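Examining the three-dimensional arrangement
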Amino acid sequence: MVNLTVRPSLPFFSKLLIESKILLLLLGGMLLLGVVVVASVYLTTQRTILAGQITRAETLLSDHVAELGSVVASSDQRRLESHLPHLLNVGEDIVTLQVTDPQGKTLARISVAEKMTPSETIEPDISLPLWHDGSQTGLLQVGLDRRPGSRAARSAALTALGMMVISGLIFFGIARILVRRTVRPLKDLVEIADEISGGNLNPRFNFGVHVNCWEIMDCGRIDCRAYHNYTQQCWYIDGTPCDGFEPNFPQKLARCRDCRVYQTHRGDEIVQLADSFRHLTDVLRSSRKDLVDSDDFQKRLIENSFDGIIATDGEGIVTIYNRLAKKLIGLPGDEVIGHLHWEKFFPSNLKPTLDIPLSYEPNRRLRGFAPKDSAIMAADGDLIDVRLSGISLYDRGMHIGKVFFFQDLRELNTLRESLHQSVRMAVAGQAAAGISHSIKNILDGFNGGVYVYKAGKRGNDEVKMDLGWDMIERNVAIISNLVTDLLNFARKPTPEYAEFDPRGVVKTVITDTGLNLNTQINISVEHEDSPHPVVLDYHSFHQCLTNLLINARDALSDKESGHITISTGQIDDRVYFSVLDDGEGMSADTIARIRQGMYSTKGSKGTGLGLQVVQKIVAEHQGELIITSTEGQGSTFRIELPAAVSDLTMID
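Residues numbered from 1 in each chain as written. Predicted model: local features only at pLDDT ≥ 70, side-chain atom pairs only at ≥ 80, totals over all residues. Heavy atoms only, no water.

Re the sheet that holds strand β16 (residues 624-630)
In spatial order, the strands read β12-β14-β15-β17-β16; together these five strands make up an open sheet with mixed pairing. Each edge of the open sheet carries a strand with a single partner, namely β12 (521-527) and β16. Across this sheet, the average inter-strand angle for adjacent strands is 15°, counted without regard to direction. Sheet topology note: the β16/strand β17 (residues 634-642) ladder contains seven bridges and is antiparallel. When the sheet's bridge partners are listed, Ile626 is paired in β17 with Arg638. Strand contacts of helix α15 (residues 538-555): β12, β14 (562-571), β15 (574-581) and β17, with the helix running at about 25° to β15, the strand carrying the most contacts. (Pairing = 2+ DSSP bridges. Helix = DSSP H or I, 4+ residues; strand = E, 2+ residues; numbered from the N terminus. Axes fitted to C-alpha atoms, helices over the stretch in contact; angles between N-to-C directions. Contact = heavy atoms within 4.5 Å.)

Quick notes on a negative patch on the surface
There is a patch of like negative charges on the surface, built from Glu462, Asp466, Asp470 and Glu473. The exposure class of Glu462 is exposed, given its relative accessible area of 57%. (Patch = residues over 30% accessible without salt bridge, like charges linked within 9 Å, V, L, I, M, F, W, Y side chains within 5 Å. Areas by Shrake-Rupley, 256 points an atom, 1.4 Å probe, with all protein chains shown as cover. Salt bridge = Lys/Arg side-chain N within 4 Å of Asp/Glu carboxyl O. Lys, Arg positive; Asp, Glu negative; His and termini not counted. Charge placed at Lys NZ, Arg CZ, Asp CG, Glu CD. Buried < 20%, exposed > 50% of the residue type's maximum accessible area, 1.4 Å probe, protein only.)

Section: the pattern of salt bridges
Between side chains of opposite charge, a pair can form when the charged atoms approach closely. Under the definition given, this model contains 14 salt bridges. A salt bridge links Asp125 to Arg146; its shortest N-O distance comes to 2.5 Å. Separated by 21 residues along the polypeptide, Asp125 in the loop between β2 (106-111) and β3 (126-132) and Arg146 in the loop between β4 (135-144) and α5 (147-197) bring together distant segments of the chain. A salt bridge links Asp295 to Lys299, with the shortest nitrogen-to-oxygen separation between them at 3.2 Å. One end of the pair, Asp295, and the other, Lys299, are both in helix α9 (residues 269-303), four residues apart, so they sit about a helical turn from each other. The class of Lys299 is exposed, set by a relative accessible area of 52%. Taken together, the shared-partner salt bridges connect Arg574, Arg638 and Glu640 into one network.

Comments concerning the confidence of the model for the chain
Per-residue confidence for the chain gives a mean pLDDT of 78, with 78% of residues at or over 70. Between residues 645-652, whose pLDDT stays under 50, and residues either more than four places distant or in other chains, the model counts 18 contacts. (pLDDT = per-residue confidence, 0-100.)

This is the structure we're talking about:
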């Protein structure tokens, strides 16, 4: 169900222009004044005429009151009724006569029928007491004809109304002209404000007279910014060199109150409004120029950046698409900007990484991911290797868009691969002597084993035969490991990544190495609860972790018993594998040498390639190998890898 809110319409008066409002109020006041004047004239005229009638009637009846009092005292009803018509003809304004006794009982009444309407009841206007022999015998009530007063009052009211209409029209016309002239500057200000809001910062000012300080003060300081400047007054501008005034704007404005120019200027509010609007448009012009220059600079900076830049709005639609992005992707800007979503170019699995916090400042919310190797989709559908970073933009807590920065890695990857190949070849050449020496030592051991075996066989000595065969097996295993390390180090990686449970990986490696069957070594495994999955190339990482376990085992070969601890867990967004032994340990110098390669703490039994293979595989997984050791206490080899982005089904 849709709830519609109906906004009440504005009152009629609120819709009028200010000029119409003033004139409407003035007209209402004039009408009210006219009604009051006409009513006053009518009532005053009517009351004045009635007062004259009362005076004349009292004068005319005063001579007959005594006679009428004796008639009433005689209680002769016939005589009283015959006497009243005579009194009715005394004055033409008398309409009705009524005689009552002292208690108010009506004794006689007479009226002039032709001066009264059939339904009219005339109230007495005069009450005269009747006396006889010093005592009141009754009361004479006289009603007067009010029609002359009403006719005169109407005539006077019509005359007053006519005069009011004529004078009102003249006054309204004059007032209309004055109001128009008064509000004209306000209309001009509204028109100027409309022009300014529409982008015109050079409106015409048709009102107000600009006060020119250089003319009033007879000033010739052409180095002053206000000199011959018709858009600003000197008190609006910092640094004007007026004698006796501070050049700084706030202090100068306060001191300007004593200036003759300022006194002349502030006497006309219209001039002040005009000058304020001139100053406002001047400031807006300057601000718009700065904004345009800043916008042009930012556009040129984005367009000519050495990075490809794609920015979007809050819905993910592309709004910025710079030159390098066009060159790399191969689509023109008019087909991309405002039409395509960012997922058209970048992998969709980047979406969760764009919400990872990059900054925890209280007043700043920055989310996204740091530069990393990724890919971008070109117009022809090819994936291009890039170095990519992304940021989600927020304003007042609301998401307003995203920005992606990327660099083409194709040439760099080619150079990097060539460099890696050169490094591998150089290392291989450098290692040739060491490897050949190791092979010679292995062959010497192998030949020694053959000699012992043959000697035992000639003498039918099984002990010597077993000893010789053991020597042969050990040296064959050493040769096998050496060949495997060489192949792993020199091969070009073609990894196949998937998500695995770290616990399952460790369990498999321990089983495959057979360390859990070695009674001289105590193996313990420590896992955090519910570990996060990790993305691995299983076969290469299996070899990596196997090498670390074998190295730990070899570090304990001179001890009757030893302990190896393998642990997994997670710190922030990284999963770690740790192999700890309680062997002899290493010095800092030894750690540095084994990191450089072709150096082994096993003497003739090792080549140093095993750790090189480990470092190479860890680097391919975008991880880090951390080595810590204390002489006489043991060593820890710790591999840290990025955790999987999403919780997919893990492979044990």
